[in-house]
Amino acid sequence: MTEALLVSEPESRVGGPYGQEDFSDGVKAFYDVGQLACVALDAVSGPQVWLAGFPLAGSDPGEGQQFLLDHAAEHGNWILFTPDASLALTDLGILLRDQRVGEARLTRPLFVKEAWLESEYYRDRLPLEGTSG
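Cut-offs and rules
- Residues numbered from 1 in each chain as written.
- Predicted model: local features only at pLDDT ≥ 70, side-chain atom pairs only at ≥ 80, totals over all residues.
- Heavy atoms only, no water.
- Helix = DSSP H or I, 4+ residues; strand = E, 2+ residues; numbered from the N terminus.
- Buried < 20%, exposed > 50% of the residue type's maximum accessible area, 1.4 Å probe, protein only.
- Contact = heavy atoms within 4.5 Å.
- Pairing = 2+ DSSP bridges.
- Salt bridge = Lys/Arg side-chain N within 4 Å of Asp/Glu carboxyl O.
- Polar contact = N/O pair within 3.5 Å; in protein donor to acceptor, adjacent residues only side chain to side chain.

Undergrad: Quick one: what's the story with the environment of leucine 80, residue by residue and with numbers?
TA: Structurally, leucine 80 is set in strand β7 (residues 79–81). Look at leucine 80 and you get partly exposed, because its relative accessible area is 23%. Each C-alpha atom, one on leucine 80 and one on leucine 117, is 9.0 Å from the other, the two residues being 37 residues apart in sequence. Excluding residues that lie within four positions of it along the chain, leucine 80 makes contacts with Ser86, Leu87, Ala88, Thr90, Leu117 and Arg123.

Undergrad: An account of unusual backbone geometry is requested, with residue identities and associated values reported.
TA: Backbone geometry at alanine 52 places phi at a positive 50 degrees, although glycine is not the residue there. Locating alanine 52 in the fold gives a position in the loop between β5 (50–51) and β6 (54–55). For alanine 52, a relative accessible area of 61% gives the class exposed. At alanine 85, a residue that is not glycine, the phi angle is positive and equals roughly 75 degrees.

Undergrad: So what's going on with the pairing of strand β2 (residues 19–22)? Residues and values would help.
TA: Where burial is concerned, the two faces of β2 agree: the one with Gly19 and Glu21 and the one with Gln20 and Asp22 are both buried. Relative to strand β3 (residues 27–32), β2 is paired through 4 bridges, and the arrangement is antiparallel. Among the inter-strand pairings, glutamine 20 is bridged to a residue of β3, identified as phenylalanine 30. Turn length for the β2-β3 hairpin, with the two strands adjacent in sequence and antiparallel, is 4 residues, and the turn residue glycine 26 shows positive phi of about 80 degrees.

Undergrad: Describe the pattern of salt bridges, and please don't skip the residues or the numbers.
TA: Per the stated rule, a full pass over the model turns up 5 salt bridges. With a shortest N-O distance of 3.8 Å, aspartate 98 and arginine 105 are connected by a salt bridge. Arginine 123 is the partner of aspartate 124 in a salt bridge, and the nearest nitrogen-oxygen pair spans 3.4 Å. Relative accessible area serves as the criterion here: at 25%, aspartate 124 is assigned to the partly exposed category. Here arginine 123 falls in the buried class, since its relative accessible area comes to 12%.

Undergrad: Got a sec to walk through the environment of phenylalanine 54? Specific residues and values, please.
TA: Locating phenylalanine 54 in the fold gives a position in strand β6. Sequence separation between phenylalanine 54 and phenylalanine 67 is 13 residues; the distance between their C-alpha atoms is 7.6 Å. Residues in contact with phenylalanine 54, not counting those within four places in the same chain, are Val49, Ser59, Glu63, Gly64 and Phe67.

Undergrad: Just give me the short version of the side chain of asparagine 77, but keep the residues and values in it.
TA: Within the secondary structure, asparagine 77 sits in the loop between α2 (61–75) and β7. At 2.8 Å, the side chain of asparagine 77 and the side chain of histidine 71 are in polar contact. Look past the residues within four positions of asparagine 77 in its chain and what remains in contact with it is His71, Ala72, Leu89, Asp91 and Leu92.

Structure below.
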């Protein structure tokens, strides 16, 4: 992962049923049996990513969900709502969560492997920080 991000070694690694690496630029990587399973970007300090010109990180959550719904309708993507009202485009592996930033809530994108999106345990707990096995 460090080679792909062109950054130094991660700040920390958490044990448990999965591995976690925290990078200084707002990126967290989660591993399942040594394989990359999820990349979570911080809404503020993480890098910006776009889908069809829409900024997935740090946007208004309502606008983000509407964009994903519109994108799904236009492109035939599979959508999934999670119990916390997050929205995923499962065929693209994108899960859009909310992140509290001060008094505001901003979008936080996660890029997730299909098996984790299909798993109620992982999908409903992502990005897994502070989650025990």
